[in-house]
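# Structural overview for review
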Amino acid sequence: MPDILPDATAEFARAIGPEPDDVIREMDAQAESEGFPTVGPAVGGWLQLLARLVSARRVFEFGSGFGYSAYWFAQALPDDGEIVLTEVDAEELDQAREYMARGGFDDLASYELGDAIRTVGEYAGPFDAVLIDNEKHRYREAFEAVRPKVAEGGVVIADNAVTAGPIDFEALSALVKGEDTGDVNEHTAGVADYLERVGADPAFETALIPLGEGIAVSHRVD
Ligand SMILES: C[S@@+](CC[C@H](N)C(=O)[O-])C[C@H]1O[C@@H](n2cnc3c(N)ncnc32)[C@H](O)[C@@H]1O
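The following paragraphs examine the structure supplied in this document. Please read these numbers as outputs of a predicted model, since none were measured by experiment. (Residues numbered from 1 in each chain as written. Predicted model: local features only at pLDDT ≥ 70, side-chain atom pairs only at ≥ 80, totals over all residues. Heavy atoms only, no water.)

### Let's talk about the pairing of strand β3 (residues 109-113)
In plain terms, the rule: Any two strands between which DSSP finds at least two bridges are classified as paired. Only DSSP runs of H or I covering at least 4 residues are called helices, and only runs of E covering at least 2 are called strands; the numbering of each starts at the N terminus.
Sheet topology note: the strand β2 (residues 82-87)/β3 ladder contains five bridges and is parallel. Residue pairing across strands places E87 opposite L113, the latter belonging to β3.

Here you go:
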């Protein structure tokens with residue numbers, strides 16, 4: 001995961017906490033060895049904290065990989081809570097199932113193989129916390145699909161609001177400021193489009209947390 005902070009600051013953010021447990025440390029090691037783009041520990045800590053701040057009971061994830069972000073969320077959920085993990089890769093989802101079971105979170109979790117944007121249509125709301133971490137050019141589509149199901153007082157969190165492998169930050173920054181850009185790739189255009197959509201939505205207040213690859217946090221106020 002290319003962290004947008006200088007190494008020393010990123011390490012400092014991780015040291016402040018919350019403290020990862022042994023399962024998260026193992027997942028971090030797997031991500032490191034495979035070069036898998038989890039949200040990373042600093043953002044993971046924020047997912048957990050945000051879930052606690054909104055007293056989340058139900059969480060939906062667009063793109064769960066091997067369960068890293070879900071595991072952080074799950075630590076903040078009550079015993080009767082629920083988290084829906086979605087993933088197009090069956091092997092990743094199987095690993096998520098194993099990690100979540102090891103954390104004692106299996107009873108909270110539903111595992112959905114396939115396109116998250118199709119899956120969300122099969123669930124009734126409300127969701128108190130939503131993570132958008134699927135294909136960047138479909139972030140807006142994910143938001144539109146889940147928007148009616150976001151609880152008032154809930155949060156929608158989009159990862160890669162600043163960077164990711166294919167995102168051109170200069171172009172993203174120009175687009176967000178309404179400046180002219182030349183051709184941009186679909187990932188960059190997708191994130192810019194999402195930020196514009198959610199930023200202009202009067203039902204949400206959005207702010208950036210510049211940790212990891214950057215998360216845009218949108219709080220439903222109406
Ligand atoms: C950047 S990874 C992050 C996973 C996880 N949120 C984490 O922090 O570890 C994104 C994952 O989303 C999955 N994905 C991409 N598009 C998807 C879609 N439309 N529906 C479900 N999963 C998707 C990918 O296969 C990948 O495993």
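Now that the structure has been shown, the text picks up again.
### Thoughts on the side chain of K149
Stated formally: Relative accessibility thresholds used throughout: buried, under 20% of the residue-type maximum; exposed, over 50%; partly exposed, between the two (1.4 Å probe, protein chains only). Note on charges: Lys and Arg go in the positive column, Asp and Glu in the negative column, and His and the chain ends are not counted at all. A carboxyl oxygen of Asp or Glu within 4 Å of a side-chain nitrogen of Lys or Arg is what we treat as a salt bridge.
Note on placement: K149 falls in the loop between α7 (139-146) and β5 (150-159). This buried residue, K149, is left without a salt bridge; E122 holds the nearest opposite charge, at 9.3 Å.

### Re the site of the ligand
The cut-off we apply is this: Nearness here has a simple test: a residue counts as near a molecule or strand if at least one of its heavy atoms is within 4 Å of that partner. Each polar contact in these results corresponds to two N or O atoms within 3.5 Å; when the atoms are within protein, one needs to be able to donate a hydrogen and the other to accept it, and residues that are neighboring in sequence are counted only if both atoms are side-chain atoms. Exposure was quantified through the Shrake-Rupley algorithm and a 1.4 Å probe, taking into account, for residues, occlusion by the shown protein chains and nothing else. Under the convention adopted here, Pro, Cys and the residues Ala, Val, Leu, Ile, Met, Phe, Trp and Tyr are nonpolar, Asp, Glu, Lys and Arg are charged, and Gly plus all remaining residues are polar.
Taken together, 19 residues are adjacent to the ligand, and S69, E87, A116, D133 and E135 come closest. A distance of 2.9 Å is found between a nitrogen atom of the ligand and a backbone nitrogen or oxygen belonging to G63. Here V88 contributes a backbone N or O atom positioned 3.4 Å from a nitrogen atom of the ligand. Its free accessible area being 600 Å², the ligand has 88% of it covered by the protein chains. Of the residues in the shell around the ligand, the class split is seven nonpolar, seven polar and five charged.

### A closer look at the packing of helix α8 (residues 169-176) against helix α9 (residues 186-199)
Definition in use: Axes here refer to lines fitted to C-alpha atoms; in helices the fit is confined to the stretch in contact. Angles between the N-to-C directions go from 0 to 180 degrees. Reported orientations rely on four angle classes, namely roughly parallel under 35 degrees, roughly antiparallel over 145, roughly perpendicular from 65 to 115, and oblique for the rest. By the definition used in this description, the sense in which the near helix is turned from the far one sets the handedness, with an anticlockwise turn below a right angle giving left-handed and a clockwise turn giving right-handed. Contacts are assigned to residue pairs with any non-hydrogen atoms lying within 4.5 Å of each other.
Where α8 contacts α9, the axes come no closer than 9 Å and their chain directions differ by 30 degrees. Considering the angle they form, α8 stands roughly parallel to α9. Note that α8 runs across α9; the crossing there is right-handed. Two secondary-structure elements touch here, α8 through A171, L172, L175 and V176 and α9 through T188, A189, V191, A192 and L195. Looking at the contact of α8 with α9 residue by residue, the classes come out as eight nonpolar, one polar and no charged.

### Re the pattern of salt bridges
One pass over the full model with this rule turns up 13 salt bridges. Put simply, E26 and R102 hold a salt bridge, and the shortest N to O gap is 2.7 Å. Within this pair, whereas E26 is found in helix α2 (residues 22-34), its partner R102 is found in helix α5 (residues 90-102), the two being separated by 76 residues in sequence. Taking the relative accessible area as the measure of exposure, E26 reaches 36% and is therefore partly exposed. Among the salt bridges present, the one from R138 reaches E135, with a minimum N-O distance of 3.0 Å. For R138, a relative accessible area of 15% translates into the label buried. Overall, the relative accessible area of 35% leaves E135 in the partly exposed class.

### Notes on a negative patch on the surface
So the rule is basically this: For patches, a residue must show more than 30% relative accessible area and have no salt bridge; joins then use 9 Å for like charges and 5 Å for nonpolar side chains, namely Val, Leu, Ile, Met, Phe, Trp and Tyr. Every charge is mapped onto a representative atom, which is NZ of Lys, CZ of Arg, CG of Asp or CD of Glu.
Residues E34, D89, E91, D94 and E98 make up a contiguous surface patch of negative charge. A per-element tally of the negative patch places α5 first, with three residues. Mapped onto the elements of the fold, E34 is located in helix α2.

Geometric values such as these leave the question of function open.
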